Amino acid sequence: MPRILVAEDDGNQRRMMCAFLQLNGYLACGAADGVEALERLSESKIDLAICDIMMPRMDGYQLLEQLRLYDKHLPILMVTAKGDFSDKQLAFLAGADDYMVKPVDLDELVLRVRALLRRANIEMERKITVGNLT
């Protein structure tokens with residue numbers, strides 16, 4: 001089961017995203033900011049990160065930079081209230097794989113997570129199938 005890190009400083013949104021991801025078959029762990037997210041990362045491997053931008057101690061851009069140093073192939077989805085093109089551009093240029101503007105539709109969030117994991121070849125069962133070989 002893929003493990004997802006949710007870095008979001010709003011406790012209600014973080015808990016809601018984690019609960020919804022878990023209902024959809026993912027292991028989700030939360031972090032209140034970038035520093036806590038890196039602590040979670042040191043505790044166990046993650047398969048995908050969901051990051052807010054505006055967080056205390058370490059913002060989403062700084063976290064994104066650290067996550068890219070950790071694993072340049074890690075799928076990263078930015079989820080933020082910052083909807084200007086310049087914010088999206090900055091996030092994508094810094095290494096984000098996808099970007100959602102709040103308020104987030106949780107069903108869409110799950111679809112994007114599934115697509116990012118599929119592209120990263122770490123689907124639900126952690127199997128890769130090529131022809132008849134699994």
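The following paragraphs examine the structure supplied in this document. (Residues numbered from 1 in each chain as written. Predicted model: local features only at pLDDT ≥ 70, side-chain atom pairs only at ≥ 80, totals over all residues. Heavy atoms only, no water.)

The subject of this paragraph is the nonpolar core. Across soluble globular proteins, nonpolar side chains show a tendency to be buried alongside one another. Counting residues in each nonpolar core, the largest one holds 22 residues, and the members touching the most others are A49, C51, L63, L67, I76 and M78. Every element with two or more residues in this core is listed here: β1 (3–7), β2 (27–31), α2 (34–43), β3 (48–51), α3 (60–70) and β4 (76–80). When residues in this core are grouped by element, the largest group, four residues, is from α3. Every residue in contact with M78, bar those within four places of it in the chain, is listed here: C51, D52, I53, G60, L64, A91, A96, D98, Y99 and M100. Listed in part, the 18 residues of the second largest apolar core include I4, Y26, L116 and L117. (Core = buried A, V, L, I, M, F, W, Y, C linked by side-chain atoms within 4.5 Å. Buried < 20%, exposed > 50% of the residue type's maximum accessible area, 1.4 Å probe, protein only. Helix = DSSP H or I, 4+ residues; strand = E, 2+ residues; numbered from the N terminus. Contact = heavy atoms within 4.5 Å.)

The next subject is helix α1 (residues 11–23). The first and last C-alpha atoms of α1 sit 18 Å apart over 13 residues, in line with the 18 Å expected at 1.5 Å per residue. Those residues of α1 lying buried are G11, R14, M17, C18 and L21. Buried residues of α1 fall within an arc of 135 degrees about the axis and therefore sit on the same side. Exposed and facing more than 90 degrees away from the buried side of α1 are N12, R15 and L23. (Expected span 1.5 Å × (residues − 1). Arc of directions from axis to C-beta.)

By definition, the strands of a sheet pair up through backbone hydrogen bonds, in either a parallel or an antiparallel sense. Pairing within the open sheet is parallel, and its five strands lie in the order β2-β1-β3-β4-β5. Looking at the sheet topology across the chains shown, the edges are occupied by β2 and β5 (98–101). Sheet twist, expressed as the mean angle between neighbouring strand axes with direction ignored, is 20 degrees. Pairing analysis gives four bridges linking β1 to β3, with the strands arranged parallel. Bridge pairing in β3 places V6 opposite I50. Along the sheet face, α2 touches β1 and β2 and points at about 140 degrees away from the line of β2. Relative to β4, α3 is tilted by about 175 degrees, and along the sheet it contacts β1, β3 and β4. (Pairing = 2+ DSSP bridges. Axes fitted to C-alpha atoms, helices over the stretch in contact; angles between N-to-C directions.)

Evaluation of the coordinates by the stated rule reveals 10 salt bridges. A salt bridge links D33 to R57, with the nearest nitrogen and oxygen atoms 2.8 Å apart. Taken together, the positions of D33 in the loop between β2 and α2 and R57 in the loop between β3 and α3 put the pair 24 residues apart, joining distant regions of the chain. Taking the relative accessible area as the measure of exposure, D33 reaches 5% and is therefore buried. (Salt bridge = Lys/Arg side-chain N within 4 Å of Asp/Glu carboxyl O.)

Moving on: the packing of aromatic side chains. According to the stated counting rule, one finds one aromatic pair in the structure shown. A ring pair is formed by F92 and Y99, whose centres lie 6.2 Å apart and whose planes are at 40 degrees; its orientation type is tilted. For F92, a relative accessible area of 40% gives the class partly exposed. (Phe/Tyr/Trp six-rings, centres within 6.5 Å; stacked < 30°, edge-to-face > 60°.)

Time to look at the pairing of β2. Sheet topology places β1 next to β2; five bridges connect them, and they run parallel. Bridge pairing in β2 places L5 opposite C29. Traced from β1 through α1 to β2, the parallel crossover comes out right-handed. (Right-handed = clockwise from strand over helix to strand, strands pointing away.)

Each regular strand carries side chains that alternate between the two faces of the sheet. Most of β4 sits inside the fold, with five of its five residues counted as buried. Residues I76, M78 and T80 point to one face of β4 and L77 and V79 to the other, with burial holding for every one of them. Here β3 runs beside β4; their pairing, made up of three bridges, is parallel. When the sheet's bridge partners are listed, C51 is paired in β4 with M78. For the crossover from β3 across α3 to β4, the handedness is right-handed. Alignment of β4 against β5, held across four bridges, turns out to be parallel. If you follow T80 over to β5, its bridge partner there is V101.

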